[in-house]
There are 2 protein chains.
Amino acid sequence: EAGAYAAMSPKITVELLRQLRQAMRNTKYIAEPIQAYIVPSGDAHQSENLAPCDCRREFICGFNGSAGTAIVTEKHAAMWTDGRYFLQASQQMDNNWTLMKMGLKETLSQEDWLISVLPENSTVGVDPWIIAADQWKNMSKALAGAGHSLVAVQDNLIDAIWMDRPTRPSTQLLTLGLGFTGLTWQDKMTALRSKMAERKISWFVATALDEIAWLFNLRGSDIEYDPVFFAYAIVGMNTIRLFLDIKRLAVPTVREHLQLDTPSKAELSVQTAPYESVFTELQAVCASLGPKEKVWISDKASCALTQVIPKAHRTLIPYTPLCLAKAVKNATEIQGMKMAHIKDAVALCELFAWLEKEIPKGTVTEISAADKAEELRSQQKDFVGLSFPSISSVGPNGAIIHYKPLPETNRTLSLNEIYLLDSGAQYIDGTTDVTRTMHFGSPSAYEKETFTYVLKGHIAVSAAIFPNGTKGHLLDSFARQALWESGLDYLHGTGHGVGCFLNVHEGPCGISYKTFADEPLEAGMIVSDEPGYYEDGLFGIRIENVVLVVPAKPKYNYRNKGSLTFEPLTLVPIQAKMVNTDLLTQKERDWVNEYHRQCRETIGAELDRQGRKEALDWLIRETQPIA
Amino acid sequence: EAGAYAAMSPKITVELLRQLRQAMRNTKYIAEPIQAYIVPSGDAHQSENLAPCDCRREFICGFNGSAGTAIVTEKHAAMWTDGRYFLQASQQMDNNWTLMKMGLKETLSQEDWLISVLPENSTVGVDPWIIAADQWKNMSKALAGAGHSLVAVQDNLIDAIWMDRPTRPSTQLLTLGLGFTGLTWQDKMTALRSKMAERKISWFVATALDEIAWLFNLRGSDIEYDPVFFAYAIVGMNTIRLFLDIKRLAVPTVREHLQLDTPSKAELSVQTAPYESVFTELQAVCASLGPKEKVWISDKASCALTQVIPKAHRTLIPYTPLCLAKAVKNATEIQGMKMAHIKDAVALCELFAWLEKEIPKGTVTEISAADKAEELRSQQKDFVGLSFPSISSVGPNGAIIHYKPLPETNRTLSLNEIYLLDSGAQYIDGTTDVTRTMHFGSPSAYEKETFTYVLKGHIAVSAAIFPNGTKGHLLDSFARQALWESGLDYLHGTGHGVGCFLNVHEGPCGISYKTFADEPLEAGMIVSDEPGYYEDGLFGIRIENVVLVVPAKPKYNYRNKGSLTFEPLTLVPIQAKMVNTDLLTQKERDWVNEYHRQCRETIGAELDRQGRKEALDWLIRETQPIA
């Protein structure tokens, strides 16, 4: 998510709004005119990042932040977004639009606003493919309570007026062999079916793109940063249906991978069908259901697909069996993630050694540093791309948590300001996400003090030992304890699940004060550990490693439950210059020294192998034991 | 809650079940026969403890644990309870009853069991006064899905067959003046109405007994341990209706307190009515509601009262404004709680000094020690009674978390086993709840080690500094960190809210790994801090103080949010002999020494004033600084 943007002139929307309102009355799209049309941000797969063809809310109002919903009535146009985006939205939207500032007391909810502006007995339309079933339910209920009704408009009205709308991407598919996945897609299918059998479920509808990519051991590049492809899957006990752009299946490796041309056991033969046909195919499946048969679908799936399944047959689940299985990495995936992190650390050691040399010349900027990081990563084996937009921020920009440097905001790295780099990459063997905060001159006592509190929090999570079955949110306070003791805090969670050559943010586990329904941590899960501290207008500090959940062996074993702890996969030195060692306990100093010993040993060997001498020297210097 | 009971012969229920089944067909009580009758445990006020007349589930099946639901059909009788009570229930119930072990995979839920045993189109009855509205809804939905229906049976069928059922208690009411409450009931009424006005609420229905007692500054003794009285209240912007046994109003002090005979402003004049008339009065209130008027009621209130309020006018709330206001103690209440804890500590110092002398004689048992504690407490000013059944447990009994000594289980205190005493009292100025774990001989290294981990957890919570707005559950892991590091844990929450001369357990705050919807901690709230460790068959350790949430003043003040910490109200020495000081950090040692300095100073002065020389000597010895 980008928190920065170009301070630009607003998008002129007079003509677009005229066309949209015309469409809202056009019986080509709807039986009866609608009095309001809702444009959520999102695609049909609950994706966090969007393909350009799905950026409909941006198209209609001009605002391109990650979160926002636009509603257009016959007379009004309003857009709801949260505090991160108030300034940006107000600058990107023209005065046909009212900015609805979420989180402020005086701001009406979408429902209340609609009720306040609509004539009696109005009809409100929305594309059922881009609204989640539960959101539909809430909105529908609220409108019905005021005498209005919510209707599904099958043709998207933005698409109807969006003349140069990009086509839905259909990038080349990459097949992953056992050496990367550890399990064939057939193995995964069998495991899924045994979960279904356990819960007496006949069919499972997969809608999340990363789950489908994981299940079939396929990757695409339809969405920037996320190695996924647009598809749906419907799995029965004897049936596998995969819905995607059929042209993608022309590639022999893909046909071979899915065994499309090989006679195979009926229950492992994949029936492919066009992406758009998922709706009618799911209808057909549901029409043939026995009286007690149940269909699993995520409770975040689109209203359109969810409602195809008759209520009596529908079992909504917060986390699908694929989501849960994908979260626990197998030995091959863990090995891949380790390799990816070694390569990533090599690139970062090179970057930091280079920065040390270049910064004094005054020629390195946030953007050029990020570009250099990407260049160095791209030299590593099996590099695919970045895993998210690099947050490369100097001084005050570091305090903007989701900052992304743009020409208008670009600062030069110097010896006087803190530099925060939060970046990561996709490699075929794994996904990385690492943040280091550095000072290339002399940090102030206050900068060191707060950095050290953040480090103490990072260590407290990373070194925590906790019983099997513990949910991640129970560890969040460990990351804050040292900051809290000094009256400080940070306003974001501490960690998120990380995919293996998949999305850099994935469920169902995480470490956050928000007690969303996270699943218990299990050995093999991979999460980030990233506490921070942000001083508005001055600097930002964050220390982030990706860590693997591993069994721990403490002295005792209460009720044979077993214990867990974390093993860092990220192996990049933490700048000792920023640490006030007086504030560390002996245990914490030992942790830092042991961590740096591992960095030196593992990354040093790889730097040596790759003949990157300067980076190796830098690594050795930066991993000296602290006293 | 009692975890121990007399291993007794089961209650013979043949005749009772015959009578109940007769009642289930008797048109005197119901229009049509019902095929099943549900007997929940609970009263009409969501009380944790019950008056004898409300122990209907115990009456019908014999099982007297704190949690359990009985269901009787024409052919079957089954009772659901949890793991704490499997043994007890199996011994207290005869073989007309099937024990349904909750928490085991193979155990059917009440709904599924009913569906499995009922003939088609059955009717299931329940007393709507003792089932919460949301439980009704869930049960009703599940039964309807299987072709059955749930009906409200207005006459309780257990009461119909319970010949010697005790009458509902109607104990003398105690009026509390400003010196105890800090606010008149009129002040509290005004504050409640301003909360109602803020949310545009016309009426509030109070159903929880402690909330009604708090609101009117009245106390009773209708329920053992809880100083409450059976009542309802309905408050409008100009109306106050109090429903209770009218005979209680014959007392002049009560009439005076409520200003029943004094002309007062209409909006502060209390209209009293019989307890039972709340139903018809609420009906009358609802009949007169304007179209947009809203009525507040707790989402835990009985189905009977909740359903009186038409859905369009009903606003369910998880925590009522009284619950929230009551939780934040005012200066007078805090002062009262401090005084109560000083008196309580005096009694406990006396007890422990006495135990030290008496135990070697081999004459002190769990029961006699608990009795002695009660006797010593009763000598203190304004003592009313105990605040819960004393958990007085020796050796292996200490590992039973909710143990209550009975003649059959009673162990003798000795120099060889750990003694755990969790006890508390009601004084007119406050409520106490304290646990100390002691060894009167020589504890083993393992006992000391685990005690020290528990102490570290206790200190970690008590000394925690955290931002304003933090919910209690975020502190729970601090209490477990040291235990977790050694592979240990305890299977209960860390703390609960404590009333001021009210229930020893109260909402809406607490410290638990269970992330129930607890409200953020605020200065003035009072909670317990009670981590523990239990070694089945050997010993139990728990260290519990009642602590007050107070503002903290750390070095910085991030975003002007302010910080909080805890101040112990309980001032009873923690046995140094049980501590392995090598396992404590210097900060923890300092905490113990500062805590003991406060015990010595505050409790020492009071022991001196009361001339309790032996206890004072004991206190001085037990509060020597540790090295």
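Residues numbered from 1 in each chain as written. Chains lettered and ligands numbered in written order. Predicted model: local features only at pLDDT ≥ 70, side-chain atom pairs only at ≥ 80, totals over all residues. Heavy atoms only, no water.

1. Let's talk about the domain arrangement of chain A
- What the domain assignment reports for chain A is domain 1 (13-161), domain 2 (174-326) and domain 3 (328-623).
- Put simply, the middle of domain 1 of chain A and the middle of domain 3 of chain A, counted by C-alpha atoms, are 38 Å apart. (Domains from an automatic or database assignment.)

2. Concerning the nonpolar core
- Counting 147 residues, the largest nonpolar core has A:Leu355, A:Phe566, B:Leu355 and B:Phe566 as the members making the most contacts within it.
- The residues contacting A:Leu355, other than those within four sequence positions of it, are A:Pro360, A:Val364, A:Ala369, A:Leu413, A:Tyr419 and A:Phe440. (Core = buried A, V, L, I, M, F, W, Y, C linked by side-chain atoms within 4.5 Å. Buried < 20%, exposed > 50% of the residue type's maximum accessible area, 1.4 Å probe, protein only. Contact = heavy atoms within 4.5 Å.)

3. As for the interface of chain A and chain B
- Taken together, the contact pairs 32 residues of chain A with 32 residues of chain B.
- Here chain A meets chain B over a buried area of about 3100 Å², counting both sides, of which 58% is carbon and sulfur.
- On the chain A side of the contact with chain B, A:Trp484, A:Tyr556 and A:Tyr558 bury the most area, a combined 24% of that side's loss.
- Linking chain A to chain B there are six salt bridges.
- Of the charged contacts, one joins B:Glu449 and A:Lys555 as a salt bridge, the two residues approaching to 2.7 Å between their closest N and O atoms.
- Between the two partners, chain A and chain B, sit 14 residue pairs in polar contact (both at pLDDT 80 or more).
- Of all the elements in the fold, those that place two or more residues in the side of chain A that touches chain B are α16 (445-462), β21 (466-467), α17 (476-485) and β25 (532-535) of chain A.
- Here the side of chain A that touches chain B gets five residues from one element, more than from any other, and that element is α17(A).
- Split into classes, the residues belonging to the side of chain A that touches chain B amount to 16 nonpolar, nine polar and seven charged. (Buried area = accessible area lost by both parts, 1.4 Å probe. Salt bridge = Lys/Arg side-chain N within 4 Å of Asp/Glu carboxyl O. Polar contact = N/O pair within 3.5 Å; in protein donor to acceptor, adjacent residues only side chain to side chain. Helix = DSSP H or I, 4+ residues; strand = E, 2+ residues; numbered from the N terminus. Nonpolar A, V, L, I, M, F, W, Y, C, P; charged D, E, K, R; others polar.)

4. With respect to a positive patch on the surface
- Residues A:Lys137, A:Lys141, A:Lys311, B:Lys137, B:Lys141 and B:Lys311 make up a contiguous surface patch of positive charge.
- Elements that contribute at least two residues to the positive patch include exactly α5 (133-145) of chain A together with α5 (133-145) of chain B.
- The topology assignment puts A:Lys141 in helix α5. (Patch = residues over 30% accessible without salt bridge, like charges linked within 9 Å, V, L, I, M, F, W, Y side chains within 5 Å. Areas by Shrake-Rupley, 256 points an atom, 1.4 Å probe, with all protein chains shown as cover. Lys, Arg positive; Asp, Glu negative; His and termini not counted. Charge placed at Lys NZ, Arg CZ, Asp CG, Glu CD.)

5. Overview of the UniProt feature "domain: Creatinase N-terminal" (unreviewed entry) in chain A
- In this numbering, the UniProt entry assigns the feature "domain: Creatinase N-terminal" (unreviewed entry) to residues 20-154 of chain A.
- End C-alpha to end C-alpha, residues 20-154 of chain A measures 15 Å, and it is 28% helix and 19% strand. (UniProt positions renumbered as here; feature names shortened; annotations may be inferred.)

6. Notes on the sheet that holds strand β19 (residues 430-431) of chain A
Residues and elements named next belong to chain A.
- Spatially, three strands are ordered β15-β18-β19 in an open sheet, and the strand pairing comes out antiparallel. Both outer strands of the open sheet, β15 (383-386) and β19, are each paired with one neighbouring strand and no more.
- Here helix α15 (residues 366-378) sits on the sheet and contacts β15 and β18 (425-427); the angle it forms with β15, its principal contact strand, is near 165 degrees. (Pairing = 2+ DSSP bridges. Axes fitted to C-alpha atoms, helices over the stretch in contact; angles between N-to-C directions.)

7. A closer look at the environment of B:Glu350
Residues and elements named next belong to chain B.
- Relative to the helices and strands, Glu-350 resides in helix α14 (residues 331-358).
- Spatially, the C-alpha atoms of Glu-350 and Arg-612 are 7.6 Å apart, while their sequence positions differ by 262 residues.
- Setting aside its immediate chain neighbours within four residues, Glu-350 contacts Leu-376, Gln-379, Arg-612 and Ala-615.
- Side-chain polar atoms of Glu-350 contact the side chain of Arg-612, separated by 2.5 Å.

8. Describing the UniProt feature "domain: Peptidase M24 C-terminal" (unreviewed entry) in chain A
- In the numbering used here, UniProt assigns the "domain: Peptidase M24 C-terminal" (unreviewed entry) feature to residues 564-626 of chain A.
- As annotated, residues 564-626 of chain A comprises 54% helix and 8% strand, and the C-alpha atoms at either end are separated by 27 Å.

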